Each structure stands twice: as structure tokens, then as C-alpha cells.
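Single-letter residue listing:
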Amino acid sequence: MDISNLSFTELVALKGDVENEIKRRESEEKSKAKKQIIELAKAYGLSVEEVLGKVGATVRKPVEAKYRHPENAELTWTGRGRKPVWVQELLNAGKTLEDLAI
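Residues numbered from 1 in each chain as written. Predicted model: local features only at pLDDT ≥ 70, side-chain atom pairs only at ≥ 80, totals over all residues. Heavy atoms only, no water.

Formally: UniProt positions are given in the numbering used here, feature names are shortened, and annotations may be inferred rather than shown by experiment.
You'll find the protein chain entered in an unreviewed UniProt entry as DNA-binding protein H-NS, with Aquitalea magnusonii given as the organism. Per UniProt, the protein chain has the following entry under Sequence similarities (unreviewed entry): "Belongs to the histone-like protein H-NS family." Per UniProt, the protein chain has the following entry under Subcellular location (unreviewed entry): "Cytoplasm, Nucleoid".

**Considering the pattern of salt bridges**
As a reminder, the rule being used: Think of a salt bridge as a Lys or Arg side-chain nitrogen and an Asp or Glu carboxyl oxygen that are within 4 Å of each other. By definition, any uninterrupted DSSP run of H or I lasting at least four residues is a helix, any uninterrupted run of E lasting at least two residues is a strand, and each is numbered from the N terminus. A simple rule labels every residue: compare its accessible area, found with a 1.4 Å probe on the protein chains alone, to the largest value its type can have, and call it buried under 20%, exposed over 50%, or partly exposed in between.
Using the criterion set out here, one finds 6 salt bridges in the structure. A salt bridge links Lys32 to Glu29, with the nearest nitrogen and oxygen atoms 3.9 Å apart. Linking Lys32 with Glu29, this pair stays in helix 1 (residues 8–43), spanning 3 residues, or about one helical turn. A residue is classified by how much of its surface remains accessible, and Glu29, at 48% relative accessible area, is partly exposed. One salt-bridge network, in which partners are shared between bridges, spans Glu21, Arg24, Arg25 and Glu28.

Written out as C-alpha cells, the structure is:
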């Protein structure tokens, strides 16, 4: 197709037609790919969720606390990350982590 002989308005119209065709074909290609993925998963006895890793994902159990405030049992610390302010204050006051261990 020789586009050098087209007028400006014809080129603009052609551009719109090309963009619309690209969108239509993109939609078709995605639909085909989706069907192929589903068929391939079924051939191996898998669901799409299993392939994507959504089914059977392990849920992490919260880490249990290792240290507790001697006077306020609601204040606990797992021993991971930065020391809470209350732990640091007790350590500065002469306590040890063994004193705070649960």
C-alpha cells in the first residue's frame, strides 16, 4: 500500500482504522492465549488457580513472642527486628533478656 498519495484526512482516517484493528486483534489474541492456557492446564490435571499459585498457598503462622514485660503482660516481643522501647528501657535499667524471656 502506497500511503504517500493519500491526503491528510485519509491518513488520519487510516490511522484510526489501524488503531481499531489493533485493539480488536489484541483482544482476539488474548482470548486465544487464555483458552490455550486453560487447555494445557487441564491436560496436566491442574486448575488455573493451581498454576498461578493461588490454591494451596502456605499461610505463615505468626512468630511467637519470646520476651514479655514483667509488669505489663500485653507488651511482648518476638526477638526479631529492632528492640521495642520498653525492652531497651529495661535493659538500660539493668535487666537482661533472660529476665524478660517467657
